[in-house]
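Structural overview for review
Listed below are the residues making up each chain.
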Amino acid sequence: MSDPYKVLGVSPNASDEEVKKAYRDLAKKYHPDNYVDNPLADLAQEKMKEINEAYDIITKSRRGGSGSSSRGSGGYSGYSGGGYQDGSSYGQIRQAIQSGNLQYAERLLEECPNRDAEWYFLNGMVSYQKGWLDDARSFFQRAVSMDPYNGEYRQALSAVSSTSSPYRQTGYGPPAAGGFDMCDMCTAMMCANMMCGGCR
Amino acid sequence: MFGFVRPLVPELKVRELERFRAAYCGLCHELGREYGLAGQAILNYDFVFLAMLLWGEREDCGYEMRRCVPGFCRKRCVCRSCAPLTTAAGYSVILAYWKARDSATDARGLGKLPGKALAALMRRAYKRAGERHPGFDASVRERLGELSKLEAENSQSLDKTADRFASLLASASGAAEESSRRALEQVLYHVGRIIYIADAVYDLGDDRKSGSYNPVASRYSLDSDRLSDEQKEELLETLMGSARLAAAAFDLMPRSYWTPVTENILYLGIPDMIRAVLDGTYKTVMRGLPKSPVRPGGGESEA
C-alpha cells in the first residue's frame, strides 16, 4: 500500500492532532452521504477505505504497534445501501436503480401499466442518477402532488431543489454572506440518505 | 457558447492567478503554432480548464517569456508546450469547427454565412486536429449531429438536449490517465450541462430575435425573452445541482499541480457564473478576466 502519510496529505512529522484533523477532513469529504445515488459512490467508498487504513496504520505505528483499531466509534465505516427484496415490479425497478442498471430500470418503467405517484418517483430517481436534474425535479413534483403525504417523495424533491453552492473543503472558505447555508446542505444530505433505502 | 468556465479571480492566490494566465497564454501559443491564426481565434477559458484537468501527475512543464505577437507587445510568462495543452488545443479546434458547420446548417438564408465563413477558415486547422484526435472528432460529429436533430424537432426536454452536449464534453476524458478517467468523465459531463444550459439562458434574447431554437425557451414554452422568478429558481436548482455533482466527482480525482485553480473554478467560479447569468449581470461582471479590476466583495453575489 502507498505511504499512509501521503494518503492523508500530511508530513510524517505532523503531530497527532494534525493527522487526526487531516483524517477527519478527508473522511467528511468522502463520506458516503456525499455520494448518495451518485454513480461514483464506489470510488468514494474506495477512497474512504484507503484513508481509514492509512489512519489506522499511522495511529498503530505511533502507539508502538499495539492496540486494535484506533478509530473507535469515531471512525466512519463503509456504506451499505438497503436492498429491496420485494418481488413486485416496483421492487425490481428499485433494485435495478440501486445497482446502477438504469437502462433496465427505464425499460421496466416503460412497460409499467399504471402511472401512479410511485411510477413518477422512480422515473425521477432514474433521471437523478443520470444527472438529468430538470427532469428529476419534474417527476418528483408530480409524485409529490399525487401523494403529498409520502415522506420519501417529499425528501427526494427537496434534495433536488437545493440551490446551495458546492461546499468548499479547503482554502479560505466562502464569504459568509448569502447563498451558502450549511443547514440546507445537511438537511439535503440527510434527505438524500433517506431516499436511498432509509425508509421502507 | 464558450468561456463560461473560469475562476473567481479575487479568491485565487497571486501565484495561482499568474499560473492560470500563463496556462491561458500557453494554450494560445499552442493553438498559434499548431493551427495558425484561425486556431488562435477560438481560444477560450473552457479549454484551459480541460488542459488543467488532463494534467495528471506531472509538475509544471516549465515557463518561458514570450510575446503575443512577434515584434509587438511586452513579453509575458507562458506555459511551455506539453501534452495536456496540445490535446486541449486540438480538441478546441475540432469542437469549434463542427459548431461552425452546424450553425451554418441550422441557420436559414443569410444566417448561414457567418457559420460557413468560419468553417471555411477553420478547415485546414480542423483537418490537422481531426487526424490527430480521430476518437474525439468522431464523438463530436456524432453528438452534435444528434443535438441538431433534437433542436430541429424543437425538443422540450432540457436534460435530453443538454445530455448530448454534456456527453460530447465527457468524451474528452478519454485523454486522461486511467486512474482518474471515470471521475473526470462525470466532472466534464456536469460542466458540459452547465455550459449548455447557462449558454441557453444567456442567449435567450438573441435566439428570440433570430428565431433560432433555444432549449430553455422551449422547455418553458416562453413567449418573451424573460424568465419568471420561479423559472429562474428552478434553473438555479438544476445548475447548482450539476455544480455540486461535478465538485463531488472532482474530489475523487487525484490532486494535481492545478488543483488549487480547478478547485476554485468548480467551487466558486462556476456557482458565481451561474448566479450572474441568471440575474442578467454576466456580461458586465465577467468580461475581460485578465485585465479587469477585482470585483468588489468577490465571492458569492447576494442570493
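Residues numbered from 1 in each chain as written. Chains lettered and ligands numbered in written order. Predicted model: local features only at pLDDT ≥ 70, side-chain atom pairs only at ≥ 80, totals over all residues. Heavy atoms only, no water.

Structural notes on the overall build of chain A
As a reminder of what qualifies: Only DSSP runs of H or I with at least four residues qualify as helices, and only runs of E with at least two residues qualify as strands; both kinds are numbered from the N terminus onward. Burial status follows relative accessibility: with a 1.4 Å probe on protein chains alone, a residue under 20% of its type maximum counts as buried, one over 50% as exposed, and anything between as partly exposed. For this analysis, residues touch if any pair of their heavy atoms sits within 4.5 Å. Exposure was quantified through the Shrake-Rupley algorithm and a 1.4 Å probe, taking into account, for residues, occlusion by the shown protein chains and nothing else.
The helix and strand inventory of chain A stands at 9 helices and 0 strands. Each helix and strand of chain A, ordered N terminal to C terminal, gives the series α-α-α-α-α-α-α-α-α. Within chain A, buried positions represent 42% of all 200 residues. For chain A, the share of sequence-separated contacts (at least 6 apart) that also reach a separation of at least 24 residues comes to 55%. Entry remark: accessible area of chain A is about 10,200 Å², with carbon and sulfur atoms responsible for 50%.

Quick look at the pattern of salt bridges
Residues and elements named next belong to chain B. So the rule is basically this: Salt bridges are defined as contacts in which a side-chain nitrogen from Lys or Arg sits within 4 Å of a carboxyl oxygen from Asp or Glu.
In this structure the tally under the stated criterion is 21 salt bridges over all chains. The shortest N-O distance in the salt bridge between arginine 193 and aspartate 159 comes to 2.8 Å. One end of the pair, arginine 193, is in helix H7 (residues 178-202); the other, aspartate 159, is in helix H6 (residues 158-170), with 34 residues separating them in the sequence. The same class applies to arginine 193 as to aspartate 159, namely buried.

Structural notes on the confidence of the model for chain A
All names here are of chain A. Threshold: The predictor rates its confidence in each residue with pLDDT, a number between 0 and 100.
Of all residues in chain A, 70% have pLDDT values of 70 or greater, and the mean over the chain is 77. Confidence drops under pLDDT 50 across residues 72-87; counting only partners more than four residues distant or on other chains, this segment forms 28 contacts. Contacts for the low-pLDDT stretch residues 170-184, under 50 throughout, to residues beyond four places or in other chains number 18 contacts.

A look at the interface of chain A and chain B
Selection criterion: When two components associate, each loses some accessible surface as probed by a 1.4 Å sphere; the sum of these losses over both components is called the buried area. Two N or O atoms form a polar contact when they lie within 3.5 Å of each other; inside protein one atom must be a possible hydrogen donor and the other a possible acceptor, and for residues adjacent in sequence the pair counts only when both atoms belong to side chains. The nonpolar class holds Ala, Val, Leu, Ile, Met, Phe, Trp, Tyr, Cys and Pro. Asp, Glu, Lys and Arg form the charged class, and all remaining residues, Gly among them, are polar.
In this complex, chain A contributes 42 residues to the contact, which on the side of chain B involves 41 residues. Between chain A and chain B the total buried area reaches about 3,400 Å² when both faces are included, carbon and sulfur atoms providing 52% of it. Inspection of the chain A/chain B interface yields 5 salt bridges. The closest approach of N and O atoms between aspartate 134 of chain A and arginine 219 of chain B, which form a salt bridge, is 2.4 Å. Applying the counting criterion to the chain A and chain B interface returns 17 residue pairs in polar contact (both at pLDDT 80 or more). At the level of secondary structure, the elements contributing two or more residues to the side of chain A that touches chain B comprise helix H3 (41-62), helix H6 (117-130), helix H7 (133-146) and helix H8 (151-160) of chain A. Top contributing element to the side of chain A that touches chain B by residue count: H7 of chain A, with 7 residues. Grouping the constituent residues of the side of chain A that touches chain B by class yields 20 nonpolar, 14 polar and 8 charged.

Some words on the confidence of the model for chain B
Residue and element names in this part refer to chain B. With 93% of its residues at a pLDDT of 70 or more, chain B shows a mean pLDDT of 88. Long-range and interchain partners of residues 288-303, a stretch whose pLDDT sits below 50, account for 30 contacts in this model, where long-range means more than four residues apart. Prediction confidence for the complex, expressed as pTM and ipTM, is 0.80 and 0.77 respectively.

Considerations on the packing of helix H1 (residues 14-40) of chain B against helix H2 (residues 45-53) of chain B
Geometrically, a packed helix pair is captured by the angle between its two axes and the distance between the axes. All names here are of chain B. Which entries qualify depends on this criterion: Angles run from 0 to 180 degrees between N-to-C directions of axes, and those axes are lines fitted to C-alpha atoms, restricted for helices to the stretch in contact. Each angle receives one of four descriptions, namely roughly parallel if under 35 degrees, roughly antiparallel if over 145, roughly perpendicular if within 65 to 115, and oblique otherwise.
Across the interface, H1 lies against H2 with an axial gap of 10 Å and an inter-helix angle of 105°. Taken together, the axes of H1 and H2 lie roughly perpendicular to each other. Across the interface between the two elements, Phe20, Ala23, Tyr24 and Leu27 from H1 touch Tyr45, Phe47, Val48 and Met52 from H2. A breakdown of the residues in the contact of H1 with H2 according to their chemical character gives 8 nonpolar, no polar and no charged.

Structural notes on the packing of aromatic side chains
Selection rule: Any Phe, Tyr or Trp ring, taking Trp's six-membered ring, that has another such ring centre within 6.5 Å forms a pair; planes under 30 degrees apart are called stacked, those over 60 apart edge-to-face, and the others tilted. In this scheme, Lys NZ or Arg CZ marks a charge over a ring once it lies within 6 Å of the ring centre and within 35 degrees of the ring normal.
Tallied over the entire structure, the rule returns 18 aromatic pairs over all chains. Relative to tryptophan 258 of chain B, the ring of tryptophan 55 of chain B has its centre 5.6 Å away and its plane inclined at 90°; by these criteria the two rings are edge-to-face. Remark: tryptophan 258 of chain B occurs in the loop between helix H10 (229-250) and helix H11 (259-278) and tryptophan 55 of chain B occurs in the loop between H2 and strand S1 (63-67); sequence separation between them is 203 residues. The same class applies to tryptophan 55 of chain B as to tryptophan 258 of chain B, namely buried. Centroid distance tyrosine 97 of chain B to tryptophan 98 of chain B: 5.3 Å. Interplanar angle 75°. Geometry classified as edge-to-face. Residue tyrosine 97 of chain B shares its accessibility class with tryptophan 98 of chain B, and that shared class is buried. Put simply, the rings of Trp119, Tyr120 and Phe139 of chain A touch in pairs and so form one group of aromatic residues. Positioned above the aromatic ring of tryptophan 119 of chain A, the side-chain terminus of arginine 115 of chain A is 4.0 Å from the ring centre.

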